[in-house]
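Letter by letter, the chains look like this.
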Amino acid sequence: MDINFQHVNFKYDKKQKINTLNDINLTISKENEFITILGHTGSGKSTLVQLMNALILPTSGSLTIFNQEIKQKRNQPLKEIRKRIGLVFQFPEYQLFEETVLKDIMFGPVNFGLNMEQAKQQALDTAKLIGISDDLLERAPFNLSGGQKRKVAIAGILASNPDILIFDEPTVGLDPKGKKELLSLLDKIHKETHKTIIIITHDMNIVANYSNRSIVLKEGNIVFDGKPIDLFNNKTMLQSMNLDLPYISRVAENLKAAGKINYKSVPLTLDELYDCITGDLNE
Amino acid sequence: MKIEFRNVTFKYEDDCDLLTDISFVINSGEMTSIIGPNGSGKSTITKLIMGILTPLSGEIYINNTLVTEDNINDFRCQMGIIFQNPDNQFVGLTVKDDIAFGLENKQIERNEMITLIDKYSKLVHMNNFLNHNPENLSGGQKQRVAIAGVLAMETEMVIFDEATSMLDPIGVDEINKTLKMLKKQASKTIISITHNIEEILYSDNVLVINNGTIVAQGKPKDILFNESLLNEAGLDTIETVKLINKLSDSKYESIVSDLWTLTFNM
C-alpha cells in the first residue's frame, strides 16, 4: 500500500496528556480512491493529512509512505514524498506570492527539479486542464477573484504531477458556481487519471456525491473507515459521531415516513431519490 | 424601516459600473434576502443603505424621506449590522462586555444595560456563556454573540452581511435558526445578504443580483423554482426543487406537494 499507518500516535507537544491522534491504522492506495475525511473541529483531520505527506512526523508507531519508513528525526529525504503527495491547505489563495499567475503555477515544478522550459509546459498544460484562460496567465494573482485565485493555487499543486491529491476543505467560502466547478474538476481528474483524491470536508453532499470511502475521526481516533453508504445507513452510529445525513437523504427519510416511497438503502443523491420515486410510482 | 432605491447607479472613480440602475423597495418589518454570486455588487448595496457610499445617480429613500448627507446619521443609528468574519468584531474580554460595548457607547443606564444583555443573550441562547472569553467560542457561537450585541441596541433594522459564509455547516445551521426565530419574535426589518440559497427560504422577499443589476425579485418559492435564472446568475437552487422540476408529470402531483412542504420546513 502506498500510505500505511500502523499504530501511529501523534502529539504536538510531549507534555500533552492526550494524543492529538491516537492509534491510527490506515492504508491508502495511490489509485482509484476518492476519500472524504469527516469529523468535528478539533478531531484531528488536518493533523492526519499533514502526516500523510510527512509535513509533521509521527510521535510513535510506524508510518510508511511509498515504501519509505518515516522516522521521528530530522534530515531524512522527504522531498520525493512531498512531490508525490500534493497537499492543498484551507484558503490556499492566501499562499500565492509570485508576480504572475504563470510563475506561481511554475514554482512547484521548478522547485522539484524541472528546467524552466519543462516547468512552463507543465504549468500551461495544468492551466488548460483547470480552465484558467490564457489572458490570466500574465496577470498578478492578487487581482483575481477569490474563485480564480483558488484555481491558481490548486494548479500550482497539480503542476508538480503528484500521485495523490489532498485538499483541506476546498469549497469553503466559494459561491455555488465556484464550488460546483471545483468539485467537477476534482471528479474529472479522478476519473481520467485514476489518482487518489482525499478531501477533508463538513459537507455531507460531497461525501454522498463524490467519495467512495469515508474516514471519520472523533477526538483523535478513527471511528469509521468504509463506504459512505454504510455510514449513512447506520443512523445510530451517525448520531454517535454527531454527523448528519446528506440533505437529499433527509428528504427521502421524510417521504418514507409519510408512506410516499420505500427503499432498503437510503438514497444519497438526487438521481437515486428520483429513481426511487419514479420506480415506486410506476410499479 | 422602509428602504427604497430609485434608479441607483454606483461606481468608484474611473471604474466600470458596480451597480446599474437598481430599483427596489424593502418594506418595514419584513425580511428581505439579497442573493448573488461573489463580486455581484451585494455588499455595495449594504454600503449604500448605510450611507457609507453615496449613489452616483438615482435616489435612496428611507421611511419615504430622501436620504442626504444631513439626515443619514439619524437613519444610521437605527441600523445594526453583522459582518462576515466573527473574529473581526470582538472588542470585549467576556461575552458580557462584548454585548455591553454598544450600549456603553450609547450611555445606557446600568440597570437597563443588564436587562438588555440578559434579554438578548437569552434570545440567541448564549446566556450561559456571559463570562466566557469570546475567543474560545465556536464560529457559530461567536456570530450569535455578535447578533446579541447588535440586537441589544434595539435598532429598527438589522443587516446580516454574509454572516454565515465563513462558518462550518453547524455554525450555518445555528445562525439560520437564530434568523428564523428573530423573524418570528421581533418585528424588525431584516436584510440578509448571502450566496447561500437556503437562507432565502424564510424571507418575505428576495432580490437576485448579478453583474450589478437586479435580475429577479419576488417570493422565495418563485425564485427557487426558476432554476435556469439562478444558474445564469452563478447560483444554484435547492435539491428538492431540482427534483420537483424533474417530476413534471401530473401523476407526481402529491409527492411534489410534499417536496415543497419539506423544502420550507425541514
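Residues numbered from 1 in each chain as written. Chains lettered and ligands numbered in written order. Predicted model: local features only at pLDDT ≥ 70, side-chain atom pairs only at ≥ 80, totals over all residues. Heavy atoms only, no water.

Engineer: Help me understand the sheet that holds strand β5 (residues 65–66) of chain B in this model?
Structural biologist: Hydrogen bonds along the backbone pair up the strands of a sheet, which may run parallel or antiparallel. Residue and element names in this part refer to chain B. Strand order across the open sheet formed by 4 strands is β2-β1-β4-β5, with antiparallel pairing between neighbours. Two strands lie at the open edges of the sheet, namely β2 (19–26) and β5, each paired on one side alone. Looking at chain direction, strand β1 (residues 3–10) and strand β4 (residues 57–62) are connected through 5 bridges and run antiparallel. Note that in β4 the partner of I3 across the bridge is I62. Strands in contact with helix α1 (residues 42–49) are β1, β2 and β4; relative to β1, the strand with the most contacts, it is inclined by about 120°. (Pairing = 2+ DSSP bridges. Helix = DSSP H or I, 4+ residues; strand = E, 2+ residues; numbered from the N terminus. Contact = heavy atoms within 4.5 Å. Axes fitted to C-alpha atoms, helices over the stretch in contact; angles between N-to-C directions.)

Engineer: Just checking my understanding: could you explain the packing of aromatic side chains for this structure?
Structural biologist: This structure, assessed with the given rule, holds 6 aromatic pairs over all chains. Judged by centre distance (5.1 Å) and plane angle (85°), the rings of F97(A) and F107(A) are edge-to-face. Of the two residues, F97(A) is situated in the loop between β6 (85–88) and α3 (101–111) and F107(A) in helix α3; the sequence distance between them amounts to 10 residues. Judged by its relative accessible area of 46%, F97(A) is partly exposed. Ring centres of W260(B) and F264(B) lie 6.3 Å apart, and the angle between their planes is 25°; this geometry places the pair in the stacked category. With W260(B) and F264(B) both in helix α10 (residues 253–265) and 4 residues apart, the pair spans about one turn of that helix. Three or more aromatic residues joined by ring pairs make a cluster, and in this case those are F225(B), W260(B) and F264(B). Over the ring of W260(B) we find K221(B), and its NZ or CZ is 4.7 Å from the ring centre. Sitting over the face of the ring of Y274(A), K246(B) holds its NZ or CZ atom 4.3 Å from the ring centroid. (Phe/Tyr/Trp six-rings, centres within 6.5 Å; stacked < 30°, edge-to-face > 60°. Buried < 20%, exposed > 50% of the residue type's maximum accessible area, 1.4 Å probe, protein only. Lys NZ or Arg CZ within 6 Å of the ring centre and 35° of its normal.)

Engineer: I tried to follow the sheet that holds strand β6 (residues 79–82) of chain B on my own but got confused; where do I start?
Structural biologist: Residues and elements named next belong to chain B. Across the sheet, which stays open at both edges, the 6 strands sit in the order β6-β7-β8-β3-β9-β10 with mixed pairing between neighbours. Looking at which strands have only one partner, the edges of the open sheet turn out to be β6 and β10 (213–218). The sheet shows a mean angle of 15° between the axes of neighbouring strands, direction not considered. Relative to β10, strand β9 (residues 205–210) runs antiparallel, the two being bridged by 5 bridges. Counterpart to V208 in the pairing with β10 is A216. Lying on the sheet, α1 is in contact with β3 (31–35), β6, β7 (157–161), β8 (189–194) and β9; it crosses β7 at an angle near 155°. Together, β3, β7 and β8 form the strand contacts of helix α6 (residues 169–185), whose direction differs from that of β8 by roughly 160°.

Engineer: Just checking my understanding: could you explain the domain arrangement of chain B for this structure?
Structural biologist: Size of an interface, as often reported, equals the accessible area lost when the parts are brought together. Residue and element names in this part refer to chain B. The domain architecture assigned to chain B consists of domain 1 (1–78 + 186–222), domain 2 (79–154) and domain 3 (236–266). Placing the centre of domain 1 and that of domain 3 at their C-alpha centroids yields a distance of 30 Å. Listed as interface residues are 5 residues of domain 1 and, on the opposing side, 6 residues of domain 3. Interface of domain 1 and domain 3: buried area, both sides summed, is about 500 Å²; carbon and sulfur atoms make up 80% of it. (Domains from an automatic or database assignment. Buried area = accessible area lost by both parts, 1.4 Å probe.)

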